[in-house]
Amino acid sequence: GQTNLKSPQDIQVYVVNTNFTLRWKYTGNDTNVTFSAEYRFEDFMTDGTEWKELPGCQKVTHMECDFSSAITEYYDKHHVRLRAERREEVSPWSSVFEMTPYDIAQISAPGIELQSINGVIKIKVSPPEANQVKKMWIDDLSFKYNLVIWENSSNAEFRNQSIFPTDIIDGLAPDTTYCLKVQATHPWEAKEGLFSPVHCVKTTRKAVNDLFCATNVSVLALNMKFHLHWNNRYKQHVSYNVQYLIGYLKKYYDDYSVKWLNVPGCENITDTQCNFSSIITTASGIFYLRVQAMNEYNKPCLSSEVKVDPLVTNEIGPPGVKVDISDVLLHIQIYPPGGSESEVMSNHYDLSYRVLYWKNSSNNEEEIKMKEIKQTIGTISDLTPSTLYCVKVQAFSKAYNKSGHFSKEECIETPGDKILPLIILATFVTALIAVLLVAAPLGFALYQAYSKIKYVFFPSCQPPLNIEGFGGQLFNSPCLSTTEEPIENCFIIETIITEELNQTDFKDYKHSKQSSRDSGNYSNDDDTSGSKVSEETLEKEIV
């Protein structure tokens, strides 16, 4: 069981499409040594199969072998091992190399065909596994192609560009030899293939375009309304047909030149513009447009093509803005771009809004403030009273890194400051209350003093009649009363009267009572009643 043969080292497997190559290194000095390999693979039902001889890699003398015919399952894990052999003597097995074919596979170089015509190079690319029965890459349409082209000179500059399977390379100098190579890539798998062999071709001179050909073809798009514009240098009659091609047709390897269609409403027109919004039925697709000019002799001329990616080409218009003011807030109502058809823009773009606002004053250094909002209703606080504020709004899409046009400026003045009038009113009310608190006791005290003085010096009480005229003399003593003295009702009846008193004296007595006053404790009512009683008694006795 002992052997002097060494095991192979550095086992590697190289996969290009479905072509498998096993390579290794051998450090022994032995002669007449051959190498044999075994393999096994794992699938989803078993942990692994038994080791088998690897077809194409048995008793080989070189340090590589092709075993493409042995591998049919490209997504299963495979194990490979190798040993050296010399007659009956064998080395220990090498370390096991583990691989999944699809993961380590490389994309082969594509095939290319070139044609130099009218100052441009037409190129046709065939997929890496064209005309092969066994394929590692199932979908040829998933490939994209990268072109590298340069002038065949000592100081060449390399130019890289993406191309379709059938494409035109323009922008080249006439009568110049260009060399190029093409590489296939698989974006979904992040794989880059091998470059094709270098091909060189010489350009021709470009024929002079007829004057009636459309030039400077361009697209103007606003709020999903698309217009194509071009220039006309021809002075005679000329008509135009605007044609379009759906973008995905260029991904096919077939000739798409017969698949151009006329834009409805843009056939046999004489204007140098056309509204082609009707063909933009899906915002996610790519379209190509060109203008076919026809002179009076029905000779056609095709313009250069323009690419339209609707959501990228389209420009976002200005939104509608309405502003209103409250006590402390500026309210902004935003209407999405597009006016009555703003739903179209809202459906295709996830719009946000950039609000700019500033104080409209003579000071040019006033700071312009910005606020970004997602909704179509916004508010601005921290406003200065009695100040004119101006606002303008811009719609933008973060997903497409696209900003629209600003709206017209809308200005509105904030109301005056209500704090100062409130302070003045509060001050007035406080002062009024303070005056009332001081004036009320003072007024009450003055009124009490006035009442006392009037009561003492100008009393309103009257003495009874019998006291006023007693003895024919006036009784002028003042009427004094205190709240502590009890008030008594007294009646004085005169019983001793001489018969000689005549009616004339009685009348004089009644007249003289009006000027007399008494200081007794009588009220006016008591005086009156007492007087009436005395008068009636006197009259009876006289009679």
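Just so we're clear, the structure is a prediction, and the values are computed from it rather than from any experiment. By convention here, each chain's residues receive numbers from 1 onward along its written sequence. Local features in this predicted model are restricted to residues whose pLDDT is 70 or higher, and side-chain atom pairs enter the listing and the counts only when it is 80 or higher, whereas totals over whole chains, interfaces and linings include all residues. By convention in this description, side-chain values take in all heavy atoms of the structure and omit both hydrogens and water.

K.L.:
Please clarify how the overall build of the protein should be interpreted in this entry.
P.N.:
Summing up its helical and strand segments, the protein has 7 helices and 33 strands in all. Residues are treated as being in contact if the distance between any of their heavy atoms lies within 4.5 Å. The contacts of the protein with a sequence gap of at least 6 include a subset with a gap of at least 24, amounting to 65%. Carbon and sulfur atoms provide 52% of the accessible area of the protein, an area that totals close to 33,700 Å². Strands are runs of DSSP state E lasting at least two residues, helices are runs of H or I lasting at least four, and both sets are numbered from the N terminus onward. Residue exposure ignores everything except the shown protein chains as possible cover, and the areas themselves are Shrake-Rupley values with a 1.4 Å probe.

K.L.:
Sorry if this is basic, but what is going on with the state of the cysteines here?
P.N.:
What makes a disulfide is a covalent bond joining the sulfur atoms belonging to two cysteines. The rule for a disulfide is simple: a pair of cysteine sulfur atoms within 2.5 Å. A complete count under the given rule lists 5 disulfides for this structure. With its sulfur 1.9 Å from that of its partner, C57 forms a disulfide with C65. Between C57 and C65, the disulfide has an S-S torsion of 95° and is therefore right-handed. Shown here is the disulfide that connects C266 with C274, its sulfur atoms set 1.6 Å apart. Taking the sign of the torsion about the S-S bond as the criterion, the disulfide between C266 and C274, at about 75°, is right-handed. Comparing C266 with C274 shows no difference in burial state: the two are buried. Indicated for the protein is the disulfide connectivity 1-2, 3-4, 5-8, 6-7, 9-10, based on numbering the bonded cysteines in sequence order. For every residue, the accessible area obtained with a 1.4 Å probe (protein chains only) is divided by the maximum for its type, and the residue is called buried under 20%, exposed over 50%, and partly exposed between those limits.

K.L.:
I'm lost on the pairing of strand 3 (residues 34-42) in this one. Help?
P.N.:
Every other side chain in a regular strand lies on the same face of the sheet, so the side chains alternate between the two faces. Looking at chain direction, strand 3 and strand 6 (residues 77-86) are connected through 9 bridges and run antiparallel. Its bridge partner being in strand 6, E38 is matched across the sheet by R81. Inspection of the sheet shows strand 3 paired to strand 4 (residues 52-53) by 2 bridges, in the antiparallel sense. Its bridge partner being in strand 4, Y39 is matched across the sheet by K52. Strands are treated as partners if at least two bridges between them are detected by DSSP.

K.L.:
For this particular structure, what's the right way to read the sheet that holds strand 27 (residues 330-335)?
P.N.:
Note on sheets: strands pair through backbone hydrogen bonds, and any given pair is parallel or antiparallel. The strand order across the open sheet built from 3 strands is 26-27-30, with neighbouring strands paired in antiparallel fashion. Two strands in the sheet have a free side with no partner beyond their single neighbour: strand 26 (320-325) and strand 30 (377-380). Sheet twist, expressed as the average angle between the axes of neighbouring strands with direction ignored, equals 20°. With 4 bridges joining them, strand 27 and strand 30 adopt antiparallel strand pairing. Each bridged residue has a counterpart across the sheet, and for L330 the counterpart in strand 30 is I380. Here an axis means a line fitted to C-alpha atoms, over the contact stretch when the element is a helix, while the angle between two N-to-C directions is reported on a 0 to 180 degree scale.

K.L.:
Can you walk me through a nonpolar patch on the surface in this structure?
P.N.:
Taken together, the side chains of L425, F428, V429, L432, I433, L436, L437 and V438 present a nonpolar region at the surface, about 800 Å² in accessible area. By the element assignment, L425 lies in helix 4 (residues 419-457). Exposure above 30% relative accessible area and the lack of any salt bridge qualify a residue for a patch; like charges then connect within 9 Å, and the nonpolar side chains Val, Leu, Ile, Met, Phe, Trp and Tyr within 5 Å. Just to be clear on terms, a salt bridge is a Lys or Arg side-chain nitrogen sitting within 4 Å of an Asp or Glu carboxyl oxygen.

K.L.:
Looking at this structure, how should I read the confidence of the model for the protein?
P.N.:
Any region with low pLDDT has predicted coordinates that should not be read closely. The pLDDT value expresses, per residue, how confident the predictor is, ranging between 0 and 100. Averaged over every residue, the pLDDT of the protein is 82; the share at 70 or more is 80%. For residues 468-485, every residue scores under 50 in pLDDT, and the model assigns this stretch 32 contacts once sequence neighbours within four places are set aside. Low pLDDT, under 50, characterises residues 494-543; the predicted model gives this stretch 66 contacts beyond four residues in sequence or across chains.

K.L.:
Can you walk me through the packing of aromatic side chains in this structure?
P.N.:
Note on aromatic pairs: each is described by the distance of the centres and the angle between the planes. Pairing of aromatic side chains here covers Phe, Tyr and the six-membered ring of Trp, requires ring centres within 6.5 Å, and sorts the geometry by plane angle: under 30 degrees stacked, over 60 edge-to-face, intermediate tilted. For the structure shown, the criterion picks out 13 aromatic pairs. For the ring pair F226 and F276, a centre distance of 5.8 Å and an interplane angle of 45° mean the geometry is tilted. Of the two residues, F226 sits in strand 19 (residues 225-231) while F276 sits in the loop between strand 22 (273-275) and strand 23 (287-295), which places them 50 residues apart along the sequence. For F276, a relative accessible area of 0% puts it in the buried group. For the pair Y349 and Y400, a centre-to-centre distance of 5.6 Å together with 75° between the ring planes defines the contact as edge-to-face. In this pair, Y349 sits in the loop between helix 3 (342-348) and strand 28 (352-359) while Y400 sits in the loop between strand 31 (388-397) and strand 32 (402-406), placing the two residues 51 residues apart along the sequence. Aromatic rings pair up to connect F20, F67 and Y74 into one cluster. Each ring is checked for a lysine NZ or an arginine CZ that lies within 6 Å of its centre and within 35 degrees of its normal; such an atom marks a charge sitting over the ring. Over the face of the ring belonging to W51 we find R81, whose NZ or CZ atom lies 4.2 Å from the ring centre.

K.L.:
Honestly, the environment of R83 in this entry has me stumped. Any pointers?
P.N.:
Residue position: R83 is located in strand 6. As a C-alpha pair, R83 and E38 span 45 residues in sequence and 9.0 Å in three-dimensional space. Each polar contact in these results corresponds to two N or O atoms within 3.5 Å; when the atoms are within protein, one needs to be able to donate a hydrogen and the other to accept it, and residues that are neighboring in sequence are counted only if both atoms are side-chain atoms. Side-chain polar atoms of R83 contact the side chain of E85, separated by 3.2 Å.

K.L.:
Even after reading the chapter, I still don't get the nonpolar core, so can you show me in this structure?
P.N.:
If you look at soluble globular proteins, the nonpolar side chains tend to sit buried side by side. Residues grouped as a nonpolar core are buried Ala, Val, Leu, Ile, Met, Phe, Trp, Tyr and Cys residues, joined through side-chain atoms within 4.5 Å. Counting 50 residues, the largest nonpolar core has L228, W230, V242, V263, F276, L289 and I332 as its most contacted members. For the domain bounds, the source is a domain assignment made automatically or taken from a database. There are two domains that each give this core at least three residues, and those are domain 3 (215-313) and domain 4 (320-414). Filtering out sequence-adjacent residues up to four positions away, I332 remains in contact with V321, K322, V323, V355, T376, I377, G378, I380, V391 and V393. By size, the runner-up hydrophobic cluster in this structure holds 47 residues, among which are L5, Y26, I163 and I169.

K.L.:
Before we go on, may I ask you to explain the side chain of D140 in this structure?
P.N.:
For D140, the position within the fold is in the loop between strand 11 (120-126) and strand 12 (144-151). Discounting residues that sit within four places of it in the chain, D140 has contacts with P127, K135 and Y253.

K.L.:
Please clarify how the sheet that holds strand 22 should be interpreted in this entry.
P.N.:
Pairing in this open sheet of 3 strands is antiparallel, and the strands run 18-19-22 from one edge to the other. Each end of this open sheet is capped by a strand with a single partner; those strands are strand 18 (215-222) and strand 22. Sheet twist, expressed as the average angle between the axes of neighbouring strands with direction ignored, equals 15°. Sheet topology places strand 18 next to strand 19; 6 bridges connect them, and they run antiparallel. Paired with S218 across the two strands is H229, which belongs to strand 19.

K.L.:
What should I look at first to understand the environment of A395 in this one?
P.N.:
Assignment of secondary structure puts A395 in strand 31. The contacts of A395, once residues within four sequence positions are left out, are I316, P319, P337, L351, S352, Y353, S403 and G404.

K.L.:
Just to check I follow, could you spell out the pattern of salt bridges for this structure?
P.N.:
Side chains bearing opposite charge may pair, as long as their charged atoms lie close to each other. Per the stated rule, a full pass over the model turns up 12 salt bridges. Across the pair D10 and K25 runs a salt bridge, and its minimum N-O distance is 3.8 Å. With D10 in strand 1 (residues 9-16) and K25 in strand 2 (residues 19-25), this residue pair connects regions lying 15 residues apart in the sequence. For D10, a relative accessible area of 41% translates into the label partly exposed.

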